[in-house]
Amino acid sequence: MTISLRKRPVGALVTAAALALASLAGTAAWTATPASASGRAAAATDTALASASADASSSPGNPASALTLPRPTGPYATGRDTLFLTDHGRADPWVPAAGPRRLLVSLHYPARPGSGGDPAPYMPEAEARLMLAQRGLDDPEWPGLVAAARTHSRTAARPAPGRFPLVLLSPGFGTPRATLTGLAEELASRGYVVATADHAYESTGTELPDGRVLTCAACDEVDAQPDEAGRRKVLAAVATGRAADFSFLLDRLTGPRPAWRHARTIDARRVGMAGHSIGGNAAASTMAADRRVDAGVNMDGMFFDPVTARGLDRRPFLMLGTDPGHAPGAGDTSWDEGWDRLDGFKRWLTVRDSGHFTFTDTPAIGEQLGIVDPDAPLSAARSTTITRAYVTAFFDRSLRGRPARLLDGPAPAHPEVLFQRP
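Residues numbered from 1 in each chain as written. Predicted model: local features only at pLDDT ≥ 70, side-chain atom pairs only at ≥ 80, totals over all residues. Heavy atoms only, no water.

Undergrad: Explain the state of the cysteines residue by residue, including any values.
TA: Two cysteines joined by a covalent bond between their sulfur atoms form a disulfide. Applying the stated criterion across every chain yields a total of one disulfide. Bridging Cys-216 to Cys-219, the disulfide has an S-S length of 1.9 Å. Torsion about the S-S bond of the Cys-216 and Cys-219 cystine: about 70°, corresponding to right-handed handedness. Classification of Cys-216 as buried rests on a relative accessible area of 8%. (Disulfide = S-S within 2.5 Å. Buried < 20%, exposed > 50% of the residue type's maximum accessible area, 1.4 Å probe, protein only.)

Right under this line is the structure:
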């Protein structure tokens, strides 16, 4: 992927050949070789989101220049905790000398209104600096701005009463877990507990509680491969390794001695998983390996680890991707093969004018920094609205048994979303 930037102050227009805030520039080029990496219509929902963002960024204590995520739209306030977990049963697959496998996990959950402390931080500045530098975005002010982006979840918030379905989230390869915060907050506001994992040595930067920062050894392993077949093999190992990570995480969240203080709020009988890019592949890999995961979503990820030939035991799965890149018969044939193997309720949706990072926080953060991807003109408001609407509808149907008419066919409110029926 080639990134071409014109340096201007924050708020000015920066045109890039590809918007690369949320994935390794070098990795995205070949991860999406067939399709993956490569808005104008604004509905009333978009206006509401924009107004909410403007209100948040201009509120007391938040300078007008502060970045902010779109406000969640559900009825619940949201809280956030962080867990640092060690799987003593496995050595780290990328740096065995580092010892056992480690996970940093953000937990977003429905909270009691008015409880908790300050808004949870978006990401450490060290992580933001490494992420931006890898993408060639080197404005010295940007790491601090991205790190300080305003979220809508409170630290130390008391959980709302009741038990809620659990959704696991996995980010793209080379991407910090923070880039799925907007989706996590939306799902939490809709009555889900959401666990988003950073997988050690698979992000440009992961800051541990002691201040050490782990960089992307897995990315180095991919880069060291002599050919496409070697790179695909390593990325398949990323997906299956994440499946092991999430099985361990489920043990620690729902087992007899849970690691999270509010684990009683989780209904372990209702578990879903979604991921972006390689994280979407990991959703299918986790379902194949762990029967506890009841439903999955792949957001624009190639199936480097193919959907198992036996299917997913009739469990529901949603494929949500770019158009035309992930349309039937397009370059990423792993979606055609995966679709044929999925044996439960399934939907294959593609989004016009979208890009590989449409389904993350990248459009919202990028627009506020003045970054535009001419190959993915879908606005941040539409990107946010579409991702939230369809992922939430899918989990409402799959984990709660609620009607989800949005999944029945094209909707006038979302003309960009195409239903594929190969």
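Undergrad: Could you give an account of the nonpolar core, with specific residues and numbers?
TA: Val-105, Leu-166, Leu-168, Leu-249, Leu-253, Trp-260 and Phe-317 are the most contacted members of the largest nonpolar core, which totals 39 residues. Excluding anything up to four places from it in sequence, Val-105 contacts Asp-81, Thr-82, Leu-83, Leu-85, Arg-177, Ala-195, Thr-196, Ala-197 and Leu-249. Counting residues in hydrophobic clusters, the runner-up holds 30 residues, among them Ala-184, Leu-349, Val-391 and Leu-399. (Core = buried A, V, L, I, M, F, W, Y, C linked by side-chain atoms within 4.5 Å. Contact = heavy atoms within 4.5 Å.)

Undergrad: Hey, could you go over empty space enclosed by the protein for me, with residue numbers and the actual values?
TA: Estimates place the volume of the largest cavity at around 120 Å³. Forming the walls of the largest cavity are Pro-70, Gly-182, Leu-183, Thr-358, Phe-359, Thr-360, Asp-361, Ala-364, Ser-383, Thr-384, Thr-387 and Arg-388. Secondary structure elements with two or more residues in the lining of the largest cavity: α5 (181-189) and α11 (380-400). Ranked by the residues each element gives to the lining of the largest cavity, the list is headed by α11, at four residues. (1 Å grid on protein atoms, 1.4 Å probe; cavity = no way out; pocket = protein on both sides within 12 Å on 5 of 7 lines; lining within 4 Å. Points joined across faces, edges and corners; volume = space filled by probe spheres on them. Helix = DSSP H or I, 4+ residues; strand = E, 2+ residues; numbered from the N terminus.)

By themselves, these are just geometric observations and shouldn't be taken as functional.
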